[in-house]
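Architecture at a glance
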Amino acid sequence: MTDGSDDVTSANTDVDWDARAASFDDEPDHGLRDPAVRRAWAGRLRDWLPGRPGDVLDLGCGTGSLSLLASEQGHRVTGVDLSPAMVTRAREKLAGRDAVFLLGDAAAPPLGEQRFDAVLVRHVLWALPDPGRALRHWYGLLRPGGRLVLVEGVWGGGAEAAGIPVERVTALLAPIAGPPRVERLSGDALLWGRTVTDERYAVVAVRGASGQQ
């Protein structure tokens, strides 16, 4: 990934996510502890994920907050995260539910031949060294008619900016999928627990029977 580029800004690869696991849910959009924030994310997921119960893969699942919402909507959830502490908290959060959490790299999850009705990835793509390769792999994990749901953004400005612009994501998807649906999320303060001014968005691509929409 290139530092300060127009396409993908650099991520802090030295973050100790195990150390951050204990306080990760303190952020409104991480822990979803505020009922209004929780309802906002639940509404979005209901629209993005398949209408019928299916198999949902949550990559970079963190403490499992979105996994829990998906499970509450009737889906069977598999979560993957590189942080053992995050995986432990996700397992605790979804204890007793139809959910499995695995330790592994979101870019190359340890799933064998498993395929899914939806692949959900929030705030992960921007931090990967080869986002195009990751997208191709994730798209290949979908069953026909399955949905790839990406929630991303660009945070900050100038030399301090971090993230991936929506134009870059749609360009990377173009060779493998039909035109995706793009939703701008910056204006929905309930999703973030506060008003935000930076770029936040969701991209939803549906896999057709032939591999494209």
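Relevant structure appears above.
Residues numbered from 1 in each chain as written. Predicted model: local features only at pLDDT ≥ 70, side-chain atom pairs only at ≥ 80, totals over all residues. Heavy atoms only, no water.

1. What about the packing of helix H3 (residues 35–48) against helix H4 (residues 65–72)?
The geometry of H3 relative to H4 is characterised by a closest axis approach of 10 Å and an angle of 60° between their N-to-C directions. Once H3 is placed against H4, the crossing between them reads as right-handed. Contact residues: H3 offers Arg38, Trp41, Ala42 and Leu45, while H4 offers Leu66, Leu68, Leu69, Ala70 and Glu72. Looking at side-chain class alone, the contact of H3 with H4 contains 7 nonpolar, no polar and 2 charged residues. (Axes fitted to C-alpha atoms, helices over the stretch in contact; angles between N-to-C directions. Helix = DSSP H or I, 4+ residues; strand = E, 2+ residues; numbered from the N terminus. Left-handed = near helix turned anticlockwise from the far one by under 90°. Contact = heavy atoms within 4.5 Å. Nonpolar A, V, L, I, M, F, W, Y, C, P; charged D, E, K, R; others polar.)

2. Section: the pairing of strand S1 (residues 55–59)
Most of S1 is tucked away, with 5 of its 5 residues classed as buried. Judged by which residues are buried, S1 turns out to be covered on both faces: Asp55, Leu57 and Leu59 on one side and Val56 and Asp58 on the other are all buried. Remark: the S1/H4/strand S2 (residues 76–81) crossover connection has right-handed handedness. Of the pairings in the sheet, the one linking S1 to strand S4 (residues 116–122) comprises 4 bridges and is parallel in character. Looking across to S4, one finds that leucine 59 is bridged to valine 121. (Buried < 20%, exposed > 50% of the residue type's maximum accessible area, 1.4 Å probe, protein only. Right-handed = clockwise from strand over helix to strand, strands pointing away. Pairing = 2+ DSSP bridges.)

3. A short note on the packing of helix H1 (residues 17–24) against helix H5 (residues 84–93)
Look at H1 against H5: their axes get within 7 Å of each other, and the N-to-C directions meet at 35°. Side by side, H1 and H5 meet where Trp17, Asp18, Ala21, Ala22 and Phe24 of the first sit next to Pro84, Ala85, Met86 and Arg89 of the second.

4. Some points on the pattern of salt bridges
For the structure shown, the criterion picks out 13 salt bridges. Note that aspartate 26 and arginine 33 form a salt bridge whose closest N and O atoms lie 2.9 Å from each other. Assigned by exposure class, aspartate 26 and arginine 33 land together as exposed. The partner of aspartate 117 in a salt bridge is arginine 143, with the nearest N and O atoms 2.9 Å apart. Separated by 26 residues along the polypeptide, aspartate 117 in strand S4 and arginine 143 in strand S5 (residues 142–155) bring together distant segments of the chain. (Salt bridge = Lys/Arg side-chain N within 4 Å of Asp/Glu carboxyl O.)

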